[in-house]
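Chain by chain, the residues run as shown.
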Amino acid sequence: MEMLQIAGTVPEDRLPVQEIFGPVPQGEGPYTGRRACFIRLGRCNLHCPPCDSKRTWDTSRYDLAQTCPPRTAEDIVEAAGEHGAGAGIVVISGGEPLLWQRTTAWHRMLTALPGDVHVETNGTISPNEFTTGRIAHFSVSPKIGRMGAADPAKRRIRPAVLADFAVLAGQGKAAFKFVTADAADVEEAARLVRDHQIPHDRVWIMPLGDESAAWTAAGRDIVAQVMDHGFNFSGRLHLTLGVR
Ligand SMILES: Nc1nc2[nH]cc(C(=O)O)c2c(=O)[nH]1
Ligand code: SF4
Ligand SMILES: [Mg+2]
């Protein structure tokens, strides 16, 4: 339903694209270091204050028609090929890419993209049958703590959706990635993991920060706590390397 509300300005045979870039190393989560082409789609159903991709949704700062022009699936796949798709993985991020999974453009894009395709999602929309069958890996990032500060819990945390992704995580097809600003955020992530029966070994905790020194300081503060909980720790390799 959300897709219909936001899709008004985007023709059914197109997807709003903020950027296509690569090849770069996947910077986050279990596939860190893998050669990747990134496709960043426009629009989001959440409004996280520290979001690093506000060009995909923040109409108070950006004209989304300019920052995320609608493009056909064929155009997107061709551009992805020019940015490394075909060797390594393709990562579809956003925004919230699953807002578009019911469009013909999504279907055509996923059918034509070469190789393993991963999706970065905020965990509020369950993948449909086609998406689940085509996507090799979901990186699921429910918003808590400082990230979730602008949206009510019932919008950010959808138990039935988390249950679906917990099953995929148990099959090795999904990993949960929690962005945490401090120790209190890590505890909130741990409560959510417990309440929704998410497998601990499929959880990555990633310190919040878009600048290398601040990120490192945030990571040092929580790394022992992350290990105590039995979780994994995610770097942000692209910050360290100074690539996108
Ligand atoms: N290198 C690199 N790795 C990433 N992993 C997830 C990203 C994202 O913005 O979703 C991202 C990104 O923007 N760049
Ligand atoms: S869910 Fe992701 S893209 Fe959407 S506002 Fe939050 S951080 Fe930004
Ligand atoms: Mg990012």
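In every chain, residue numbers begin from 1 and rise along the written sequence. As a convention, the first chain written is A and the first ligand written is 1, with the rest following in written order. Residues qualify for local features only when their pLDDT is at least 70, as the model is predicted, and side-chain atom pairs are given and counted only at 80 or more; totals for whole chains, interfaces and linings, by contrast, use all residues. Calculation of side-chain values draws on the structure's entire complement of heavy atoms; hydrogens and water are dropped beforehand.

Some remarks on the overall build of the protein chain
The criterion, for reference: Where helices and strands are cited, they refer to DSSP runs of H or I of at least four residues and of E of at least two residues respectively, numbered from the N terminus. Both definitions apply: the radius of gyration is a C-alpha atom measure, and the globule rule equals 2.2 Å times residues to the power 0.38. Exposed residues in this analysis have more than 50% of their type's maximum accessible area, buried residues have under 20%, and partly exposed residues fall in between, with area computed by a 1.4 Å probe over protein chains only. Residue contacts are defined here by distance: any two heavy atoms, one from each residue, within 4.5 Å place the two residues in contact.
When helices and strands are counted, the protein chain shows 10 helices and 9 strands. For a compact globule of 244 residues, the expected C-alpha radius of gyration is about 18 Å, and the protein chain comes in at 17 Å, within 12% of that figure. In terms of principal-axis extent, the alpha carbons of the protein chain reach across some 45 × 40 × 35 Å. For the protein chain, with 244 residues in total, the buried portion stands at 52%. Taking the intrachain contacts of the protein chain between residues at least 6 apart in sequence as the baseline, contacts between residues at least 24 apart amount to 72%.

So, the sheet that holds strand 9 (residues 232-233)
Inclusion rule: DSSP calls a pair of strands paired once it identifies at least 2 bridges connecting them. The convention used is that axes are lines fitted to C-alpha atoms, helices contributing only their stretch in contact, and that angles between N-to-C directions extend from 0 to 180 degrees.
Read across the open sheet, the 9 strands follow the order 3-1-2-4-5-6-7-8-9; overall the sheet is mixed. What marks the edges here is a single partner per strand, and that holds for strand 3 (70-72) and strand 9. Set on the sheet, helix 4 (residues 104-112) makes contact with strand 1 (14-25), strand 2 (35-41), strand 4 (89-93) and strand 5 (117-121); between it and strand 1 the angle comes to about 25 degrees.

A closer look at the site of ligand 2
Going by this rule: Put simply, a residue is near a molecule or strand once any heavy atom of it comes within 4 Å of that molecule or strand. For this classification, Asp, Glu, Lys and Arg are treated as charged, while Ala, Val, Leu, Ile, Met, Phe, Trp, Tyr, Cys and Pro are nonpolar and the rest, including Gly, are polar.
As a structural note, the neighbourhood of ligand 2 is formed by Cys44, Leu46, Cys48, Cys51, Trp57, Gly95, Asn122, Lys143 and Met147. Partitioned by chemical class, the residues of the shell around ligand 2 number 6 nonpolar, 2 polar and 1 charged.

With respect to the UniProt feature "binding site: [4Fe-4S] cluster" (unreviewed entry) in the protein chain
The condition that has to hold: UniProt positions are given in the numbering used here, feature names are shortened, and annotations may be inferred rather than shown by experiment.
Mapped onto this numbering, the UniProt entry annotates "binding site: [4Fe-4S] cluster" (unreviewed entry) at Cys44, Cys48 and Cys51. Note on placement: Cys48 falls in the loop between strand 2 and helix 2 (64-67). Taking relative accessible area as the criterion, Cys48 reaches 7% and is therefore assigned buried. Setting aside chain neighbours within four positions, we find Cys48 in contact with Lys54, Trp57, Lys143, Met147 and Asp151. As for its placement among the helices and strands, Cys51 is situated in the loop between strand 2 and helix 2. Classification of Cys51 as partly exposed rests on a relative accessible area of 22%.

Topic: the UniProt feature "binding site: Mg(2+)" (unreviewed entry) in the protein chain
As a reminder, the rule being used: Counting of polar contacts relies on pairs of N or O atoms within 3.5 Å, with two restrictions inside protein: one atom must be capable of donating a hydrogen and the other of accepting it, and residues adjacent in sequence are counted only when both atoms are side-chain atoms.
Per the UniProt record, the feature "binding site: Mg(2+)" (unreviewed entry) sits at Ser53. Looking at the secondary structure, you find Ser53 in the loop between strand 2 and helix 2. Dropping the residues within four chain positions of it, Ser53 is found in contact with Arg40, Gly94 and Gly95. A distance of 3.2 Å separates a polar atom in the side chain of Ser53 from a polar atom in the side chain of Arg40.

Describing the side chain of Asp151
Under the convention used in this document: Counting rule for charge: Lys and Arg are taken as positive, Asp and Glu as negative, and neither His nor the chain ends is counted. Salt bridges, as used here, are contacts in which a Lys or Arg side-chain nitrogen is within 4 Å of a carboxyl oxygen on Asp or Glu.
Mapped onto the elements, Asp151 comes out in the loop between strand 6 (137-140) and helix 6 (153-156). Despite its burial, Asp151 pairs with no opposite charge, the nearest such side chain being Arg155 at 4.2 Å. Excluding its chain neighbours within four sequence positions, the residues that come into contact with Asp151 are Leu46, His47, Cys48 and Arg156.

Quick look at the environment of Pro97
Along the chain, Pro97 turns up in the loop between strand 4 and helix 4. Given the relative accessible area of 0%, Pro97 is considered buried. A sequence separation of 54 residues divides Pro97 from Arg43, and the C-alpha atoms of the two residues are 7.9 Å apart.

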